[in-house]
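Commentary on secondary and tertiary structure
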Amino acid sequence: MKRFFSMILVLLGLYYSVIAQEVSRKEVEKINWFKEARFGMFVHWGLYSILGGTYNGRTMPDTALANGKSWYAEWIQQRLEIPNNEYQALVEKFNPSRFNADEWIKEAKNAGMKYFVITAKHHDGFALWDSNVSNYDIAATPLRGRDILGELVDACKKYGLKYGFYYSHWQDWEHPNGAIPYWKPARKSRDFEKYWKEKSLPQVQELIERYDPDLLWFDTWDEEAKELITPARRDELIHLVRKLSSKCLINGRIAMHDPGNEIDFLEMMDNAYPKQLLDKPWQTPATMNHTWAWHSKDFNWKSSGQMLRYLVSNASKGGNYLLNIGPKPDGTLPLPAIRRLREMGAWMLTHGEAVYATQPLRDVPTNKGVVLTHKRIEGGQIIYAHILDELPDNTLKLAIAKDKIQNCQLVETGEMRNVKSDGNKGVTISLPEKDPYDNAIRVLKLYVKE
Ligand code: FHN
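All of the points below concern the structure found in this document. Fair warning: this is a prediction, and the values are worked out from it, not measured in the lab.

The rules we used
Residues numbered from 1 in each chain as written. Predicted model: local features only at pLDDT ≥ 70, side-chain atom pairs only at ≥ 80, totals over all residues. Heavy atoms only, no water. Axes fitted to C-alpha atoms, helices over the stretch in contact; angles between N-to-C directions. Helix = DSSP H or I, 4+ residues; strand = E, 2+ residues; numbered from the N terminus. Contact = heavy atoms within 4.5 Å. Nonpolar A, V, L, I, M, F, W, Y, C, P; charged D, E, K, R; others polar. Buried < 20%, exposed > 50% of the residue type's maximum accessible area, 1.4 Å probe, protein only. Pairing = 2+ DSSP bridges. Right-handed = clockwise from strand over helix to strand, strands pointing away. Phe/Tyr/Trp six-rings, centres within 6.5 Å; stacked < 30°, edge-to-face > 60°. Salt bridge = Lys/Arg side-chain N within 4 Å of Asp/Glu carboxyl O. Near = heavy atom within 4 Å. Polar contact = N/O pair within 3.5 Å; in protein donor to acceptor, adjacent residues only side chain to side chain. Areas by Shrake-Rupley, 256 points an atom, 1.4 Å probe, with all protein chains shown as cover. Parallel < 35°, antiparallel > 145°, perpendicular 65-115°, else oblique. Left-handed = near helix turned anticlockwise from the far one by under 90°.

**A word on the packing of helix H5 (residues 101-111) against helix H10 (residues 335-351)**
In the contact formed by H5 and H10, the axes pass within 7 Å of each other and the chain directions differ by 35°. In contact with Glu107, Asn110 and Ala111 of H5, H10 contributes Ile338, Leu341, Arg342, Met344, Gly345 and Met348. Its residues placed into classes, the contact of H5 with H10 shows five nonpolar, two polar and two charged.

**Examining the pairing of strand E5 (residues 162-167)**
E5 sits mainly inside the fold: five of its six residues count as buried. By the bridge criterion, six bridges tie strand E4 (residues 115-121) to E5 in an arrangement that is parallel. Within E5, the residue paired with Lys121 across the bridge is Tyr167. Each parallel crossover has a hand, and the one from E4 via helix H6 (residues 148-159) to E5 is right-handed. As for the winding sense of the linkage, the β-α-β connection from E5 through helix H7 (residues 189-211) to strand E6 (residues 215-218) is right-handed.

**As for the sheet that holds strand E15 (residues 405-410)**
Read across the open sheet, the five strands follow the order E11-E12-E13-E18-E15; overall the sheet is antiparallel. In the strand order of this sheet, the two ends are held by strand E11 (359-360) and E15, each with one partner. Note: strand E13 (residues 380-387) against strand E18 (residues 442-449), eight bridges, orientation antiparallel. By the bridge assignment for E18, Gln381 is matched with Val448.

**Describing the packing of aromatic side chains**
By the definition in use, this model includes 28 aromatic pairs. With a centroid separation of 5.8 Å and 55° between ring planes, the pair formed by Phe34 and Tyr115 is classed as tilted. Taken together, the positions of Phe34 in helix H1 (residues 2-37) and Tyr115 in strand E4 put the pair 81 residues apart, joining distant regions of the chain. Neither residue differs from the other here; Phe34 and Tyr115 are each classed as buried.

**Re the pattern of salt bridges**
Under the defined criterion, the tally for this structure stands at 26 salt bridges. Across the salt bridge formed by Asp172 and Lys199, the nearest N and O atoms sit 3.0 Å from each other. Linking Asp172 in the loop between E5 and H7 with Lys199 in helix H7, this pair joins segments that are 27 residues apart in sequence. The network of salt bridges with common partners includes Lys121, Asp172, Glu174 and Lys199.

**Points about the site of the ligand**
Neighbouring the ligand are 13 residues; His44, Glu74, Trp75, Asp219 and Asp270 lie closest to it. Arg253 places a polar side-chain atom, nitrogen or oxygen, 2.9 Å from an oxygen atom of the ligand. A total of 320 Å² of accessible area belongs to the ligand in isolation, and the protein chains cover 97% of it. Grouping the constituent residues of the shell around the ligand by class yields six nonpolar, three polar and four charged.

**Digging into the packing of H5 against H6**
The contact between H5 and H6 brings their axes to 9 Å, and the two run at 40°. In terms of orientation, H5 and H6 fall into the oblique class. Regarding H5 and H6, the two cross each other, and that crossing is right-handed. Of the residues in H6, those touching H5 at Ala101, Asp102, Trp104, Ile105, Lys106 and Lys109 are Glu151, Leu152, Ala155, Cys156, Lys158 and Tyr159. Here the residues of the contact of H5 with H6 sort into seven nonpolar, no polar and five charged.

Printed below as a string of structure tokens:
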């Protein structure tokens with residue numbers, strides 16, 4: 001009898017360990033696309049886009065106002081102190097007659113982006129879909145009857161992009177109990193609970209049930225959300241998402257101050273680039289200029305060369321680059337943004353293999369201004385050396401034994417380059433003369449034996 005029971009226990013143990021392995025295998029697979037994607041499009045679009053950073057003659061940043069010092073045009077309601085009724089009346093004016101989901105997603109696809117994330121609801125509380133939970137939504141605008149999010153989801157499916165939604169689960173300036181900026185009297189936790197149960201959780205549920213997203217992008221920062229986004233609320237929201245979807249990824253900004261262990265990937269602060277490798281998958285949300293939403297007077301555009309350097313540096317540390325666009329109120333993408341997307345896309349077209357599905361390469365010293373990625377192949381690996389800055393003597397140094405290197409070529413053209421031993425444990429590779437008008441990142445590809 002005793003033997004019989006111990007047998008049962010052993011079998012049960014085995015059964016549960018197989019189940020546990022299966023669960024963790026599925027967890028790993030679920031995040032795989034994200035780890036390989038490296039490059040995504042972020043979009044901030046809503047009522048604030050109509051104002052483009054200016055209201056009643058005031059333009060952001062407006063330092064004459066106590067809290068006016070910000071370029072973030074999606075914050076215009078708070079930063080320029082627009083009364084609720086005036087701001088909310090913008091619903092009458094949201095009429096992006098030139099919006100074409102296919103065109104947006106085609107730009108993302110051609111830029112080499114593998115996923116797309118849009119503000120389904122930002123802090124102002126306005127829902128970009130016809131929500132059963134709130135009337136402050138697209139159905140209150142002249143666009144009623146159109147399903148913008150549905151059109152974007154269809155386009156993503158057509159072009160093979162994963163898709164997700166930004167949802168402001170903490171800040172909500174429309175609901176009387178949602179969180180508001182730190183300079184206003186803080187909400188008590190019990191008041192916030194009303195918003196949480198009435199709007200935040202039900203809208204997240206609606207988004208998942210209606211659109212089946214691949215990821216949800218929640219937003220908190222610093223310690224500011226600590227009082228209201230407690231571990232209990234964080235976990236309640238995570239459990240809701242897990243219950244409704246087996247594929248939806250969750251970002252760490254669900255509780256930046258304490259993301260816990262159940263999130264899928266870490267989200268850096270805005271335009272923040274970690275120096276070291278991180279334990280979890282991660283990404284940087286980044287702007288092309290200072291603002292996220294459309295700001296007609298923000299002329300601080302970064303160059304595509306600069307942004308590609310951020311993208312490639314993130315890839316060399318195992319991270320993604322989620323690059324934002326702020327579409328105009330008529331639904332078109334700003335031309336400076338399109339130019340940059342196309343320039344980046346041209347580079348990605350010829351160098352994508354050195355970025356997608358690559359891994360960081362640890363412990364191989366090389367020049368300053370060079371970052372490395374690599375891929376395992378049978379019998380060895382391919383190493384990619386991305387040359388971000390000019391090299392002294394136009395020559396790359398790499399601490400890899402010469403006899404391990406089978407060959408070396410430039411990724412874009414396939415031109416073979418000589419590999420010379422540097423006399424120590426490494427090699428030097430000289431590059432062709434650089435065209436002074438071309439500042440594209442050059443990438444060397446090395447086949448390296450085990
Ligand atoms: O306040 C928001 C901001 O408007 C924007 O959405 C960014 C995107 O990362 N998140 C918050 C600030 O970090």
